[in-house]
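# Observations on chain architecture
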Amino acid sequence: FYQQQGDFLLNSQGLDLGARWDGLRVEDVKLPPWASDARDFTSKCRQALESEYVSQRLHLWIDLIFGFKQRGEHAKMAFNIFHPLVCPPRNVFFFFFFFFG
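Everything in this summary refers to the structure shown in the same document. (Residues numbered from 1 in each chain as written. Predicted model: local features only at pLDDT ≥ 70, side-chain atom pairs only at ≥ 80, totals over all residues. Heavy atoms only, no water.)

A separate point is the overall build of the protein. Counting secondary structure elements, the protein contains four helices and zero strands. Element order for the protein, N to C, with α for helix and β for strand: α-α-α-α. Residue burial in the protein is summarised as follows: out of 101 residues, 10% are buried. Carbon and sulfur atoms make up 63% of the accessible area of the protein, which totals about 8900 Å². (Helix = DSSP H or I, 4+ residues; strand = E, 2+ residues; numbered from the N terminus. Buried < 20%, exposed > 50% of the residue type's maximum accessible area, 1.4 Å probe, protein only. Areas by Shrake-Rupley, 256 points an atom, 1.4 Å probe, with all protein chains shown as cover.)

Next comes the structure, spelled out in structure tokens:
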């Protein structure tokens, strides 16, 4: 992961990354239209993540992902609920039983 800014989004080594469901080969990551190239994409993402707006709200995201809004009534109130197959429980025993019965 010690590559130049944005290079990790490019398949510069020509690795065989397989094919999509429609048969097209998987190559470089497809970037959004607002990014001119991989370096521009990572630069704009870094600017956004280091912005004052994100700094003032980062604790809200942490509560959703790692904190008290992760489960239970607080999760319901924050609309932070997912289907178990998408986001399995963290209990290893339950995880093993759920998938391997």
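This next bit is on the side chain of Thr-42. With respect to the helices and strands, the residue Thr-42 is situated in helix H1 (residues 38-49). The contact partners of Thr-42, leaving out residues within four places of it in the chain, are Gln-5, Gly-6, Phe-8 and Leu-9. (Contact = heavy atoms within 4.5 Å.)

By the definition in use, this model includes two aromatic pairs. Measuring from centroid to centroid gives 5.5 Å for Trp-34 and Phe-41, while their planes differ by 25°, and the two rings are stacked. With a centroid separation of 5.9 Å and an interplanar angle of 85°, the aromatic rings of Trp-61 and Phe-66 are classed as edge-to-face. With a relative accessible area of 46%, Trp-61 lands in the partly exposed category. With a relative accessible area of 54%, Phe-66 lands in the exposed category. (Phe/Tyr/Trp six-rings, centres within 6.5 Å; stacked < 30°, edge-to-face > 60°.)

The next thing to look at is H1. Helix length check: H1, at twelve residues, gives a terminal C-alpha distance of 16 Å against a target of 16 Å (1.5 Å per residue), a fit within 8%. For H1, every residue scored as buried is listed here: Ala-38, Asp-40, Phe-41 and Thr-42. With a side-chain oxygen lying 3.3 Å from the backbone nitrogen of Arg-39, the N-terminal cap of H1 falls on Asp-37. (Expected span 1.5 Å × (residues − 1). Polar contact = N/O pair within 3.5 Å; in protein donor to acceptor, adjacent residues only side chain to side chain.)

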